[in-house]
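Chain by chain, the residues run as shown.
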Amino acid sequence: MTTFVTGLRRNESTGRNGYTEVDQNPMVPITQLNPMLDWTEDDVWSYINAYGLPVNPLYEHFSRIGCWCCPHKSSSEWQKIQRMFPQKAALLKKNLENLTDRLGIKDKQTFIDEYGWTYWIHSTKKVSIGINTVCQGGNSTTIILAADSGDQLERIAKLLPALTSDFRIIGNRLQVNLKDISEQRLRILVERALNCVGCGACLSNCVNCALHLENGNIAVDVNSCTQCHACLKTYPLKGSCIARHYSPRRAALIALDESSGTG
Ligand code: SF4
Ligand code: SF4
């Protein structure tokens, strides 16, 4: 049996409170062992001192070590990164500048220099896509998705076969017929398709390896997908997608649906 062993501790975050010593990792579908779950930070240092274990020298400067560009760092930790690793800090700044240009973010001072990017403060650009139920009868529902860009519909259409094959694009609209499928499933799929940033974290959720990235966006291979819908359930990956879960665009989509009912 393949397993991997972590040094995760329960009191590191509220999310880790729910972990168990023998766990399943949704990102890497193998058994995960967390033997130090109930250790305190003092326990860890006592153990290191008792056994004379080597310590990463970065612990002289940081209380926690992870990816150097982790957005969960405090502003004082970022200042240390800038002092200690100026080349990495410059690289990050350059990438953030490119990002602000790409997303049309005007307030670069807040986004880059005041670490606004760590909260993912991107422009409040509205995703003008509405979900409108046009016909409901028996166990069948017809939905129209209206978008203001072909790119949006294309992104949705690349993932839609995971839910249903019964859809067609008509101009800037997508007509989807749902039989025995809830609108909520469609909503999750649409939000995920629109918010995908191509991180690849959800690909392993499909046992048939039907999910892949196409031009940096999530897509499904119609020949491998069995429409089991496992990848559309909110568990194990929250909201089925990391970006969907955290993106402010999610709220925009819901607000538009409730207020205007695009038809
Ligand atoms: S987890 Fe979300 S953002 Fe990442 S590849 Fe999957 S759909 Fe895209
Ligand atoms: S998990 Fe199921 S529905 Fe999702 S892509 Fe794989 S086979 Fe298709």
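Fair warning: this is a prediction, and the values are worked out from it, not measured in the lab. (Residues numbered from 1 in each chain as written. Chains lettered and ligands numbered in written order. Predicted model: local features only at pLDDT ≥ 70, side-chain atom pairs only at ≥ 80, totals over all residues.)

### Remarks on the overall build of the protein
Looking only at helices and strands, the protein features eight helices and nine strands. A total of 263 residues make up the protein; the buried ones form 19% of that total. Here the contacts in the protein between residues at least 6 apart in sequence split such that 54% fall between residues at least 24 apart. (Helix = DSSP H or I, 4+ residues; strand = E, 2+ residues; numbered from the N terminus. Buried ≥ 20, exposed ≤ 12 C-beta atoms within 10 Å, placed from the backbone. Contact = placed C-beta atoms within 7 Å.)

### Points about the environment of Thr 142
Its location among the elements puts Thr 142 in strand E5 (residues 140-146). Through-space distance from the C-alpha of Thr 142 to that of Asp 166 is 9.9 Å; in sequence the pair is 24 residues apart.

### So, helix H3 (residues 86-103)
Given a rise of 1.5 Å per residue, 18 residues ought to cover 26 Å, and the 25 Å separating the end C-alpha atoms of H3 matches this to within 8%. H3 sits mainly on the outside: zero of its 18 residues count as buried. Phi turns positive, to about 75 degrees, at Gly 104, one or two residues after H3. (Expected span 1.5 Å × (residues − 1).)

### So, the site of ligand 2
Of all residues adjacent to ligand 2, which total 13 residues, the nearest are Cys 206, Ala 210, Cys 225, Cys 228 and Cys 231. Looking at side-chain class alone, the shell around ligand 2 contains nine nonpolar, four polar and no charged residues. (Near = placed C-beta within 6 Å. Nonpolar A, V, L, I, M, F, W, Y, C, P; charged D, E, K, R; others polar.)

### Considering unusual backbone geometry
The phi angle at Cys 209 is positive, at roughly 55 degrees, despite the residue not being glycine. Among the secondary structure elements, Cys 209 is positioned in the loop between helix H6 (183-195) and strand E8 (211-214). Of the residues examined, Cys 209 has 11 C-beta atoms within 10 Å and is grouped as exposed. Even without being a glycine, Gln 227 presents a positive backbone phi close to 55 degrees. Among the secondary structure elements, Gln 227 is positioned in the loop between strand E9 (217-220) and helix H7 (242-246).

### Points about the pairing of strand E6 (residues 167-170)
Two elements, E6 and strand E7 (residues 173-179), share four bridges in a ladder whose sense is antiparallel. For Phe 167, the partnering residue across the bridge sits in E7 and is Val 176. Connecting E6 to the antiparallel partner E7 that follows it, the hairpin turn spans two residues, and Gly 171 within it adopts a positive phi of roughly 60 degrees. (Pairing = 2+ DSSP bridges.)

### Things to note about the nonpolar core
Core analysis: the biggest nonpolar cluster contains 30 residues, and Ile 156, Leu 159, Ala 162, Leu 189 and Ala 193 have the highest contact counts within it. Broken down by secondary-structure element, the contributors of at least two residues to this core are E5, helix H5 (150-159), E7, H6 and E9. Considering every element that reaches this core, the biggest residue donor is H6, with six residues. In this structure, Ile 156 is in contact with Leu 145, Leu 174, Val 190 and Ala 193, ignoring residues within four places of it in sequence. (Core = buried A, V, L, I, M, F, W, Y, C linked by C-beta atoms within 7 Å.)

### A word on the sheet that holds strand E1 (residues 3-5)
Within the open sheet, the three strands sit side by side as E1-E3-E2. Their pairing is mixed. At either margin of the open sheet sits one strand with a lone partner, and together these are E1 and strand E2 (22-24). Strand-to-strand twist of the sheet, defined as the mean angle between neighbouring strand axes without regard to direction, takes the value 30 degrees. (Axes fitted to C-alpha atoms, helices over the stretch in contact; angles between N-to-C directions.)

### Re the confidence of the model for the protein
Residue-level pLDDT values for the protein average 79, and 77% of them are 70 or greater. The least confident element of the protein, judged by mean pLDDT, is helix H8 (residues 249-260) at 44; the most confident is helix H1 (residues 41-51) at 95. Confidence drops under a pLDDT of 50 for residues 121-126, and excluding neighbours within four residues, the segment shows eleven contacts in the predicted structure. Within the model, pLDDT remains below 50 along residues 248-263, and this stretch shows 25 contacts once partners closer than five positions in the same chain are excluded. (pLDDT = per-residue confidence, 0-100.)

### Side note on the pairing of E9
A regular strand carries its side chains on alternate faces of the sheet. In this structure, E8 lies alongside E9, joined through four bridges in antiparallel fashion. Bridging across to E9, Glu 214 finds its partner in Asn 217. Counting the residues in the hairpin turn of E8 and E9 gives two residues, including Asn 215, whose phi is positive at 50 degrees.

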